[in-house]
Amino acid sequence: MAAAEVQVRDKASPLKAKSSSDDKLMRLFILVIGAYLVVALAMPLYVMLSKSVLNSDGGFVGLSNYFAYFKTPSLVYSIKNSLFVGLVTTVITVSIAFVLAYGFTRSRMPGKPIFKTIAMIPILVPSLLPGIALIYLFGRQGIINWALFGHEIYGPIGIIISEVFFTLPHALIIIITALSIADARLYEAATALRASSTRIFFTVTLPGVRYGLISAGFVVFTLAVTDFGAPKVIGGDFNVLATDIYKQVIGQQNFEMGAVVSVVLLIPAALAFFVDRLVQKKQIALLSSRAVALEPKPSRRFDNGMLAYALVVSFFILGILGMCQFAALFKFFPYNLSLGLSNYQFDLMDGGGWDSYFNSIEMASYTAVFGTLIVFYGAYLVEKGKGLGVIRGAFQFLAMLPMAVPGLVLGLAYIFFFNMPSNPLNVLYHTMAILVISTITHFYTVSHLTATTALKQMDAQFESVAASLKQPFYRTFLRVTVPVCTPAILDISIYLFVNAMTTVSAVVFLYSPHTTLASVAVLNMDDAGDIAPAAAMGMMIFYTAASVKILHYFLSRGIEAKTQAWRRSIEN
Amino acid sequence: MKKSFYRGGSVIAGALLAMGLATGASAATDLMVYTAVEAEDLKKYAARFNEDHPDININWVRDSTGIVTAKLLAEKANPRADIVWGLAATSLLLMKGEGMLEPYAPAGLDALDPKFRDKSSPPSWTGMDAWVAAICVNTVEADKNNLPMPSSWQDLTKPVYKGHIAMPNPNSSGTGFLDVSSWLQLFGEEGGWAFMDKLHQNIGHYTHSGSKPCKQAARGEVAIGVSFAFRGAKSKASGAPLEVIIPSEGIGWDMEATAIIKGTKNLDAAKTLADWSVSEKANKMYNEGYAVIGIQSLAKPVEHFPNNIPESMIDNDFEWAASNRKRILAEWQKRYDSKSEPKS
Amino acid sequence: MTDAFLRIENLTKNFGSFTALRNISLSVLEGEFVCFLGPSGCGKTTLLRAIAGLDIQTQGRVEQAGIDISILPPSERDFGIVFQSYALFPNLTVEKNVAYGLESRRAARTEVTTRVNELLSLVDLADQGKKYPSQLSGGQQQRVALARALATSPGLLLLDEPLSALDAKVRTHLRQEIKHLQRRLAVTTIMVTHDQEEALTMADRIVVMNHGIIEQIGSPEDIYAAPASEFVAQFIGTMNFVNVVVASANQGTHQGGVLEFSPNSLRPRESARLAFRPEDVEILEKSDEHNRDKVLGKVVSAEYLGAFLRVTIAPEGWESTLLADISTDIAARFVVEAGGDVAFRLPPEKILAYQESE
């Protein structure tokens with residue numbers, strides 16, 4: 001009878017599994033990692049959004065800040081300017097990247113690895129650097145300023161050239177991926193039907209990469225609209241949203257208006273982000289279909305054409321970089337072009353001197369180490385965790401969010417949140433820790449996606465097997481998950497390191513006199529008119545990021561060789 | 001090593017969201033010093049001070065005058081600075097009005113030129129040196145563009161200079177503000193704005209910092225930079241083809257000054273620094289870059305500095321400038337801001 | 001029932017509004033090899049995962065070795081599991097994979113080594129211990145997975161479609177190997193499969209499942225010879241179906257006449273489906289006049305399948321064709337060939353009747 005009663009009670013409420021100590025530990029971890037994103041992202045953003053409807057004394061004023069904003073013509077004008085720069089950059093970058101990617105995937109031009117490497121260089125420099133090079137090239141004293149036919153480099157022209165430089169690798173990666181998944185059988189079929197190569201291009205090639213192009217477009221647009229380095233250095237009197245935030249906050253300490261501009265900037269960025277997610281899903285659907293890899297056929301004219309094109313693009317990138325290096329070495333441009341290291345005396349300049357360089361390395365190292373730990377573990381718990389489904393879902397959402405939040409907005413949100421007298425976490429304000437936390441958070445999404453992808457490729461049953469063998473999840477995590485995902489883990493750490501070295505946007509609001517950073521020093525030296533030392537520091541960042549990247553390359557190669565025996569199966 | 005360990009600790013604290021680990025103890029007193037002194041001088045200033053007071057560790061927060069001022073005002077409720085060493089007297093007057101300064105008569109106050117101290121007793125601030133407006137003209141660029149050498153402010157409004165002049169935005173730059181306030185005093189309220197309207201026609205761009213126009217002129221990025229004499233002298237010394245011109249109407253100037261922030265937790269250390277900042281040693285140090293200093297009897301001529309500076313300095317009404325600062329800046333922004341550099 | 005090793009009572013599993021398992025009750029004896037057989041989506045894997053505690057049931061009770069394990073997490077249950085994907089840890093050698101469950105149990109290292117070697121020779125891989133999984137064939141990998149699952153001597157071995165990823169030949173071979181191993185170790189085993197041949201050859205008892213319920217539990221012979229439902233009849237082996245209207249306890253009429261079947265509880269005038277296997281069709285001499293069950297038909301097609309012919313016959317007056325498996329001898333003797341005539345009878349004791357399903 002008792003059993004029957006139990007039965008009745010069971011009907012009312014579904015059974016709940018008893019949790020093992022292992023499960024409890026995992027839940028604790030999920031909560032901790034969830035708390036990280038709540039504190040490092042959700043709460044600051046919330047505080048920032050609420051600031052935009054408060055006055056400077058903290059009183060609620062509804063939308064009056066927004067009204068004030070839209071009544072200020074010079075501020076509203078920036079919206080137009082930002083959209084203009086964003087759209088033009090998008091069109092130019094995506095076009096250049098498409099042709100280059102086409103050459104990489106569909107031609108047999110020689111030297112592809114070298115050209116690909118060169119095309120990735122802009123990732124390794126702060127977005128301020130191309131602007132500085134452009135001043136030397138096209139400024140009043142510019143070496144080739146005749147090439148602008150009297151146009152002014154300060155303003156939209158300079159911003160757009162800088163943004164094209166800065167966004168090119170991002171677009172290129174996406175479009176190369178899109179072009180690489182093309183199915184050779186489609187081309188064979190089209191050729192068999194005697195379609196002309198032009199027709200094949202428009203009926204097979206373009207439709208095949210359309211999602212890639214759309215995705216690249218949105219990524220470039222977001223980057224160009226939210227970037228602050230280029231317009232800061234070479235924008236002249238051409239105001240954009242990103243510089244407006246900076247101007248309101250740093251220039252006038254008008255935090256409320258800064259919050260309003262942030263919200264305005266958040267809209268296009270968030271919009272672009274959601275469209276991109278949508279498109280990416282379709283792209284993935286294309287990816288999973290079985291395709292026969294396309295082997296380009298040699299064609300001397302086409303291959304040479306593509307080679308010439310790649311040379312031009314490489315010349316542009318290396319030219320910018322080389323100009324910066326010379327700018328750093330010229331003793332006194334343009335009057336004394338003898339070379340020397342006097343511009344490397346950073347300690348005599350604004351921006352924190354050599355300390356800022358070492359701070360940057362320190363900050364980037366912490367970001368790489370702690371960021372990788374947090375990101376990978378977070379992704380693991382979302383992907384392989386058990387229990388607390390709602391929290392894991394919310395975590396996944398939060399992990400995707402940083403992509404849609406411009407760095408400046410995040411930085412401002414951090415000021416609001418971490419400088420609140422009532423917030424016990426305000427001990428972090430002005431520390432290295434807050435720079436590290438903001439940088440990890442700023443670059444969370446891409447890292448998270450890298451980790452998730454790697455984890456998804458692992459057998460879903462590992463955890464079940466481990467449980468049946470009565471092994472705690474963390475043992476399997478350390479002995480199996482981490483070793484198998486080592487390449488992805490290295491990728492994440494290098495991505496975080498390089499970005500921490502070059503980023504300006506979030507940290508520009510957060511550094512303190514002890515924690516000045518190299519990238520911010522570039523900004524501040526340029527601000528003070530010390531453009532040559534700014535170039536020198538920018539190049540220091542480049543050399544550091546490049547060295548680490550090279551180190552990473554050899555490290556990955558070493559690991560690959562060492563684990564070749566068991567990795568073969570994963571590649572199959 | 002110790003420093004980096006401390007930072008490491010704070011990172012861990014951040015990562016674990018633990019609190020309290022981030023506070024490190026140290027035997028020396030850390031003094032948070034806000035300043036607008038030129039970056040290249042900061043190390044020197046701190047080092048000279050530490051020669052006499054090794055137990056006080058100076059943590060600089062440096063930015064343009066306008067920024068430092070705005071920052072101090074913004075932090076009024078929760079001040080992070082202990083003392084200001086090297087900020088425009090007009091800014092300090094503003095803060096005095098807000099009740100943010102701790103009045104203090106440093107030892108050696110009497111030796112200072114009476115101009116170089118707050119009128120109240122005890123004074124809220126004490127002066128260090130004067131920094132004076134000047135025009136930096138790149139002689140090479142001037143020749144190339146057939147620009148005559150200007151000798152007065154009014155000269156700069158001539159159409160020939162159109163697009164060749166850079167000047168600092170007074171909203172962020174102390175130099176910019178002293179220029180604007182001096183023109184309003186020299187030419188009167190109406191005449192001043194009329195002058196600036198015409199000058200605005202010739203301005204290529206406004207810069208964020210006061211030294212940038214002169215540095216740009218030194219590089220030939222503009223022909224003429226409205227800046228300050230110290231910067232011009234420095235750039236000239238480093239080999240730039242510059243002429244530093246003191247306009248005939250007279251030049252605006254401001255003092256770099258020292259003031260203790262009310263509510264500092266390190267009042268004793270702050271007083272020590274305030275005492276030192278008016279000492280003879282300090283004044284000689286200021287004199288290495290500036291021709292006009294607090295104890296003028298100690299002053300020696302500074303290389304590349306025009307000689308006629310003291311007599312060209314206008315009779316600057318700091319009180320007026322400070323009390324009208326907000327109005328002047330708002331007016332300026334309304335009239336000219338669209339040509340400002342991104343950072344206002 | 002008292003000595004059941006594993007007892008499942010009234011188990012139900014809902015995924016949202018979808019019911020994957022409906023009130024399942026089942027017992028497994030100690031040392032028994034039980035197969036859960038059914039088409040995909042029938043709930044067999046869900047049931048296995050509930051037994052393992054990997055996806056806990058919504059309601060119902062699971063008892064193993066007299067202990068209620070209904071809500072225990074997997075790590076507190078006593079089972080080893082093998083998956084279709086092998087789920088071998090790619091970065092660990094075969095040895096380390098097998099030792100995975102042993103090491104943290106604080107067993108001495110030599111003990112672990114001995115046990116690993118023992119297990120590896122058990123699955124015939126004694127010399128492969130130092131290799132990585134990717135260096136082994138699929139069949140070998142699955143044997144490693146088996147060794148790993150058995151390493152801790154679990155009371156219950158769960159096999160989730162263990163052979164589905166392998167090619168046919170390896171599959172047949174491994175089928176026997178697993179069976180032998182199971183016999184030798186006498187470990188209670190539950191295997192999930194959608195392959196009836198696998199189930200029939202390996203299991204002591206088969207649990208046929210469909211749409212979240214158990215259609216039949218029985219020995220392979222029972223299941224084959226006496227399918228308890230039309231679904232089982234259709235799912236296991238090949239079956240001919242004829243729709244009839246019940247005339248009496250053992251007779252039904254259809255267009256082709258009257259068919260006798262083994263007695264059943266069907267009521268007259270009910271619609272029923274008669275089922276018989278192709279090998280139960282008895283070929284007669286065309287001129288045989290004595291047999292009153294004789295049915296005449298045309299041979300539509302004949303398919304040569306080695307030991308026998310599979311013949312499609314269109315009986316006179318029937319609405320559908322039927323399949324008959326005829327040994328080549330008989331086919332020659334009675335001249336059964338495509339396009340020709342044929343005579344046959346259906347032994348009533350081999351004809352099963354099912355109530356027509358809706």
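Heads up: these notes are all about the structure in this document. (Residues numbered from 1 in each chain as written. Chains lettered and ligands numbered in written order. Predicted model: local features only at pLDDT ≥ 70, side-chain atom pairs only at ≥ 80, totals over all residues. Heavy atoms only, no water.)

1. Some details on the overall build of chain A
As a reminder, the rule being used: Secondary structure is summarised from DSSP: a helix means a run of H or I of at least four residues, a strand means a run of E of at least two, and numbering begins at the N terminus for each. The size measure is the radius of gyration over C-alpha atoms, and the globule rule it meets is 2.2 Å times the number of residues to the 0.38 power. Type-normalised accessible area, obtained with a 1.4 Å probe on protein chains alone, sets the label of each residue: buried when under 20%, exposed when over 50%, and partly exposed for intermediate values. Should any heavy atoms of two residues lie within 4.5 Å, those residues are counted as being in contact. Residue-level accessible areas treat just the shown protein chains as cover; the underlying method is Shrake-Rupley with a 1.4 Å probe.
Helix and strand content of chain A: 24 helices and 2 strands. Computed over C-alpha atoms, the radius of gyration of chain A comes to 26 Å, within 12% of the 25 Å expected from 2.2 N^0.38 for 572 residues, which places it in the range of a compact globule. For the C-alpha atoms alone, the extent of chain A along its principal axes is close to 100 × 75 × 45 Å. Sorting the 572 residues of chain A into buried and exposed places 59% on the buried side. Considering only residue pairs separated by 6 or more positions, chain A has 80% of its internal contacts joining residues 24 or more positions apart. Per element, the accessible surface of chain A, about 23,400 Å² overall, is 69% carbon and sulfur.

2. Some details on the packing of helix H15 (residues 389-400) of chain A against helix H18 (residues 444-456) of chain A
Helix packing geometry: the angle between the two helix axes and the distance between the axes. All names here are of chain A. Cut-off, in case you're wondering: Under this scheme, a helix contributes an axis fitted over its contacting stretch, all axes are lines through C-alpha atoms, and angles between N-to-C directions fall in the 0 to 180 degree range. Our angle categories are set so that under 35 degrees counts as roughly parallel, over 145 as roughly antiparallel, 65 to 115 as roughly perpendicular, and the remainder as oblique. Ten residues, namely Ala, Val, Leu, Ile, Met, Phe, Trp, Tyr, Cys and Pro, are considered nonpolar, four, namely Asp, Glu, Lys and Arg, are considered charged, and the remaining ones, Gly among them, are considered polar.
Two numbers describe how H15 lies on H18: the axes approach to 7 Å, and their chain directions differ by 125°. Between H15 and H18, the angle is such that the two are oblique. Facing H15, whose interface residues are Phe395, Gln396, Ala399 and Met400, H18 presents Tyr444, Thr445, His448 and Leu449. Across the contact of H15 with H18, the residue classes tally to 5 nonpolar, 3 polar and no charged.

3. A closer look at the sheet that holds strand E10 (residues 213-218) of chain C
Residue and element names in this part refer to chain C. This is how the line gets drawn: Here the rule is simple: two strands pair whenever DSSP picks up at least two bridges between them.
Ordered in space as E6-E7-E8-E3-E9-E10, the 6 strands form an open sheet in which the pairing is mixed. Each edge of the open sheet carries a strand with a single partner, namely strand E6 (79-83) and E10. Ignoring which end each strand starts from, the neighbouring axes of this sheet average 15° apart. Each of strand E3 (33-37), E6, strand E7 (156-160), strand E8 (188-193) and strand E9 (205-210) is contacted by helix H1 (residues 44-52), which is oriented at about 150° to E7, the strand it contacts most.

4. Here we look at the state of the cysteines
Residues and elements named next belong to chain B. This is how the line gets drawn: Criterion for a disulfide: a pair of cysteine sulfur atoms within 2.5 Å.
Going through the model one piece at a time under the given rule, you end up with 1 disulfide over all chains. One disulfide bridge connects Cys136 with Cys214, the sulfur atoms lying 2.1 Å from each other. Its torsion about the S-S bond being -90°, the disulfide of Cys136 and Cys214 is classed as left-handed. One end of the pair, Cys136, is in strand E5 (residues 126-138); the other, Cys214, is in helix H7 (residues 212-219), and 78 residues separate them in sequence. Look at Cys136 and you get buried, because its relative accessible area is 0%.

5. Concerning the packing of helix H22 (residues 518-527) of chain A against helix H23 (residues 531-562) of chain A
All names here are of chain A. What counts here: Two helices crossing with the near one rotated counterclockwise from the far one by less than a right angle form a left-handed crossing, whereas a clockwise rotation gives a right-handed crossing.
At a minimum axis distance of 8 Å, the contact between H22 and H23 shows a crossing angle of 165°. What the angle tells us is that H22 and H23 run roughly antiparallel. In the packing of H22 onto H23, the handedness of the crossing is left-handed. Facing H22, whose interface residues are Ala518, Ser519, Ala521, Val522, Met525 and Asp526, H23 presents Ile531, Pro533, Ala534, Met537, Gly538 and Ile541.

6. Regarding the interface of chain C and chain A
One frequent convention defines the size of an interface as the accessible area lost when the parts assemble. For clarity, the threshold we go by: When two parts are put together, the accessible area they lose, computed with a 1.4 Å probe and summed over both, is reported as buried area. Think of a salt bridge as a Lys or Arg side-chain nitrogen and an Asp or Glu carboxyl oxygen that are within 4 Å of each other. Here a polar contact is taken to be a pair of N or O atoms separated by no more than 3.5 Å, where protein atoms must pair a possible hydrogen donor with a possible acceptor and residues adjacent in sequence count only if both atoms sit in side chains.
Listed by partner, the interface residues are 38 residues for chain C and 33 residues for chain A. In total, chain C and chain A occlude about 3,300 Å² of area from one another, counting both sides; carbon and sulfur atoms represent 58% of this. The three residues of chain C that bury the most area against chain A are Gln59(C), Asn91(C) and Tyr100(C), which together make up 19% of that side's buried surface. For the pair chain C and chain A, the interface holds 1 salt bridge. Between Glu76(C) and Lys18(A) there is a salt bridge, with the nearest N and O atoms lying 2.6 Å from each other. In this assembly, chain C and chain A are joined by 9 residue pairs in polar contact (both at pLDDT 80 or more). Looking at the side of chain C that touches chain A, the elements that each hand over two or more residues are strand E4 (59-64), E6 and helix H2 (94-103) of chain C. With 4 residues, the top contributor of residues to the side of chain C that touches chain A is H2(C).

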